[in-house]
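Next come the chains, spelled out residue by residue.
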Amino acid sequence: MIIKTKALVVKEYIVGESDKYVTLFTKEYGKIQALAPKAKKADRGFASATQLFVYGDFILTSFKDTYRMVNAEIIEMFHGIRNDLERLSYASYIMEFLQHVSQPMLAQPELLRLTLVTLQALSRENANYHLIRRIYELRALGELGFAPQLLACIECGELLKEEEDETYFFSVETGGLVCKSCKYGMGDLMSISYSTRYTMQYILSAPMKQLYHFTVTKLIQKQLDQIGEYYVPYYIDKSFKTLEFIRGIELI
């Protein structure tokens, strides 16, 4: 069977002397692992098209659960990602995250679209890598069905006040905000401001094209970091090697 699909290369590794296996996150078929013959050789067409971060049009042959690449045309290579170690590290984390949460033969077109606009954002000059990471994580969790409840108390369902001087209480375990009456006896609560709550709502609901066109204060970034450090591992049970590397280079 012949498969034609748009896809993003999320992993590549060499097999033998000249072949590659690539993990593709496709628009129609979810995650696919495909053999790209002779892809290591620079004089062959697959050499560029099978690099990490490449988005393109791919033609594959399939037999049972195996795929073989027969043609590839590059749409976007995201060159800007590769000119800075920190930028490259954050982009690699996005790929590792995506590879973990995506499933074979499960179409997740919005998750693909989110990843593409995230790579575009990381490619820009003066990109805020920390904010981009938190935006991607939260929106991706939303696409995966783990969006936090931010409009009403997760315990009693009471709508929460919309006031700029209000303090809200976020529970990682229950997956959202709790009201002042329900917060007693809950030990994992984090306090967040109205602005942080509004920012999280925006991240979860904004059109993709507008997702990375805003800035935040240091307080909002700090609170997004606090929530992300606990919320993401709670719902995505995975220790990411690229995050360990990022922490290392940021300490240098």
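Numbering of residues begins from 1 in every chain and follows the order in which that chain's sequence is written. Only residues with pLDDT of at least 70 are given local features in this predicted model, and only at 80 or more are side-chain atom pairs given and counted; all residues enter the totals for whole chains, interfaces and linings. Side-chain measures were taken over the full set of non-hydrogen atoms in the model, leaving aside hydrogen atoms and water.

A word on the nonpolar core
Core analysis: the biggest nonpolar cluster contains 61 residues, and L8, F97, L114, Y136, F170 and Y212 have the highest contact counts within it. In what follows, residue pairs with any heavy atoms lying within 4.5 Å of each other are defined as contacts. When residues no more than four places from it in sequence are discounted, the contact partners of F170 are P148, L150, G176, L177, D188, L189, M190, M200, I227 and Y231. Joining through side-chain atoms within 4.5 Å is the link that ties buried Ala, Val, Leu, Ile, Met, Phe, Trp, Tyr and Cys residues into a set, and such a set is a nonpolar core. With a 1.4 Å probe rolled over the protein chains alone, any residue whose accessible area is under 20% of its type maximum counts as buried; one over 50% counts as exposed, and the rest are partly exposed. Core analysis: the second largest hydrophobic core is formed by 18 residues, A39, F46, A49 and A72 among them.

Regarding the sheet that holds strand β2 (residues 19–26)
The criterion for strand pairing is that DSSP finds at least two bridges linking the strands in question. Under the scheme used here, helices are H or I runs from DSSP no shorter than 4 residues and strands are E runs no shorter than 2 residues, and both carry numbers assigned from the N terminus. Read once around its circumference, the closed barrel built from 5 strands follows the order β1-β2-β3-β5-β4, with strand pairing classed as mixed. The average angle at which neighbouring strand axes cross in this sheet is 50°, direction not considered. Alignment of strand β1 (residues 2–15) against β2, held across 8 bridges, turns out to be antiparallel. The residue bridging Y13 from the neighbouring strand is Y21, located in β2. Helix axes are fitted only over the stretch in contact, all axes being lines through C-alpha atoms; the angle between N-to-C directions runs from 0 to 180 degrees. Helix α2 (residues 85–101) rests against β1, β2 and β3 (30–36) of the sheet, and its axis sits at about 115° to β1. The strands touched by helix α3 (residues 109–123) within the sheet are β1, β2 and β4 (55–63), with β1 carrying the most contacts at an inclination of about 55°.

Observations regarding the pattern of salt bridges
The term salt bridge refers to a side-chain nitrogen of Lys or Arg lying within 4 Å of a carboxyl oxygen of Asp or Glu. Enumeration over the complete set of coordinates arrives at 11 salt bridges. A salt bridge links R133 to E229, with the shortest nitrogen-to-oxygen separation between them at 3.5 Å. Residue R133 is found in helix α4 (residues 129–143), and its partner E229 is found in helix α6 (residues 218–235); the two are separated by 96 residues along the sequence. Given the relative accessible area of 11%, R133 is considered buried. One network of salt bridges, with partners in common, ties together R133, R134, E137, D225 and E229.

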